[in-house]
Each structure stands twice: as C-alpha cells, then as structure tokens.
Amino acid sequence: MKKFFVAIVAILTVALPSFADSPLTSTDFYKAYANESIVQAATKCNGKISKEVMAYLSSDKNPIGVKVAAINALYMCAEETAPRENCDAFVKYLIKNCNFQDENGIIGLGSASVLTSMAYLMALDNFSNVQPAADIIYCAMDKEPDSMCVNMIAGLIVCESFMDNYLKWGKIYPIMNSVRSNTSFKQDMSEDALNAIMDYIEIYKD
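Predicted, not measured: the structure shown is a model, and the values here were computed from it.

Turning our attention to unusual backbone geometry. Of note, N46 is a non-glycine position whose phi angle comes to about 50°, a positive value. By the secondary structure assignment, N46 is in the loop between α2 (37–43) and α3 (51–58). Positive phi is not limited to glycine here, since N99 has a value of about 65°. Structurally, the position occupied by N99 is in the loop between α5 (86–97) and α6 (103–109).

Shown next as structure tokens:
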C-alpha cells in the first residue's frame, strides 16, 4: 500500500504540471478584438511594446477592454525569445509623457485602466513572480471595483500565483467563475473575450 501511495504521488508530481499550463498565458482572447487597429498593431510587435501601443494604453479615452486585448496580443503573438521588459518601458513612457513623477506616482494617481495595463504587463513580463503585479491590480480594483475587465485581469494574476502549488489549483475555477458570473459588474470586456478566458479555465473545474 505504501509503495502504491508513493507511486501515485510521483505520477501526480509529473502529470499535473503538464496537464495545466497557465491561466495568465494560455488564452488568446485578443482575437475577440481582432478588428481593432491597435490590437492588429500589437500582433506585429513580436513581443516588444511599441510607442503606438504605449500611447494607446496611457490614454483614459480608450476602452479598457481593448487595452488588455492589445497587451494579450503583444505576448500571444511573440516568439519565445522576445524580451519581456514591457512594463519597465511603459512606466518610463508614462513618466516622460504623462506627467507622473515616478512609479509610485503612477500607482497613486493613475487611472484604473492605466494601472490594469501596468499590472498585466508586469505579470506577463515575469509570470513566475506575479506578487508585484497583484499589488498594483489591487490598487486598480480600489479605483474601479465594479469593472468586469479589472476584476477579470486581477483574477488571472491571482490564479497565476497558484501554479507552483497544484493543491491550490482547485481555487482557480471558483475565483474566475465568481467574477464571470457577477452581473453587477460593468460589462467593459467583450463576451467573446470573457468566453475565451473561461473556456480555458474550465480545465480547472473538476
């Protein structure tokens, strides 16, 4: 019996990580916004954020759903060797062009959509350590708690932090589903994008 238990543990240790990839990096929901010119531009960046994309992300006039779709396209259409320093570039852009003094100034004074963009870029730059990104997305949630998009990106970032412990994987579907099914949230992310995310999250349901 003891040998059987040891064998099962060994199988789980090997098999579980191969079963699930990453909530943060496994959904190409940008395709729901494929007609948006900024998303099309992001697909051609090979993973390195352009001034055009940063300008779009920095403007509060642009819808948050399209912003996160552009970020998603930036990474999903990149080669594996593409540099992942996009958040640093975006922070420098904001300081230079948007009258923020420093990163703390952005966190304190930036809009929810700017902070969500910053957090999403930061998490995708370093998805093995998403805690700094989580701290920023929590600030975005404080500023716009009723945004479906903000909460959905927050959910992806938080769930990514569970990936190094398969015992926590059971939390992933309930967290994401609770956001998706919250009818009180402002619907600022397309249904197709939300469905694309949840289609992947389904693998954590059982």
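Further notes follow.
Mapped onto the secondary structure, L115 falls in helix α7 (residues 112–125). Setting aside chain neighbours within four positions, we find L115 in contact with I106, I107, G110, I136, C139, A140 and K143.

When we look at burial in helix α10 (residues 172–180), the residues that qualify are I172, Y173, M176, V179 and R180. Axial view of α10: buried residues confined to an arc of 135°, hence all on one face. In this fold, the buried residues of α10 make contact with α9 (148–160) and α11 (191–201).

Moving on to the packing of aromatic side chains. Across all of its chains, the model carries four aromatic pairs by this definition. With centroids separated by 6.4 Å and ring planes inclined at 15°, the aromatic side chains of F29 and Y120 adopt a geometry described as stacked. Taken together, the residues span a long stretch of sequence, with F29 in the loop between α1 (2–19) and α2 and Y120 in helix α7 at a distance of 91 residues. Judged by its relative accessible area of 1%, F29 is buried. A relative accessible area of 0% means that Y120 is categorised as buried. For the pair W169 and Y204, a centre-to-centre distance of 6.2 Å together with 90° between the ring planes defines the contact as edge-to-face. A residue pair is termed long-range when its members are at least 10 positions apart, and W169 in the loop between α9 and α10 and Y204 in the segment after α11 qualify at 35 residues. Here the basic side chain of K171 rests over the ring of F162, its NZ or CZ set 5.6 Å away from the ring centre.

With 89% of its residues at a pLDDT of at least 70, the chain reaches an overall mean of 90. A low-confidence stretch, residues 1–20 stays under pLDDT 50, and its non-local contacts, those more than four residues away or across chains, total twelve contacts.

Rules used in this analysis
Residues numbered from 1 in each chain as written. Predicted model: local features only at pLDDT ≥ 70, side-chain atom pairs only at ≥ 80, totals over all residues. Heavy atoms only, no water. Helix = DSSP H or I, 4+ residues; strand = E, 2+ residues; numbered from the N terminus. Contact = heavy atoms within 4.5 Å. Buried < 20%, exposed > 50% of the residue type's maximum accessible area, 1.4 Å probe, protein only. Arc of directions from axis to C-beta. Phe/Tyr/Trp six-rings, centres within 6.5 Å; stacked < 30°, edge-to-face > 60°. Lys NZ or Arg CZ within 6 Å of the ring centre and 35° of its normal. pLDDT = per-residue confidence, 0-100.

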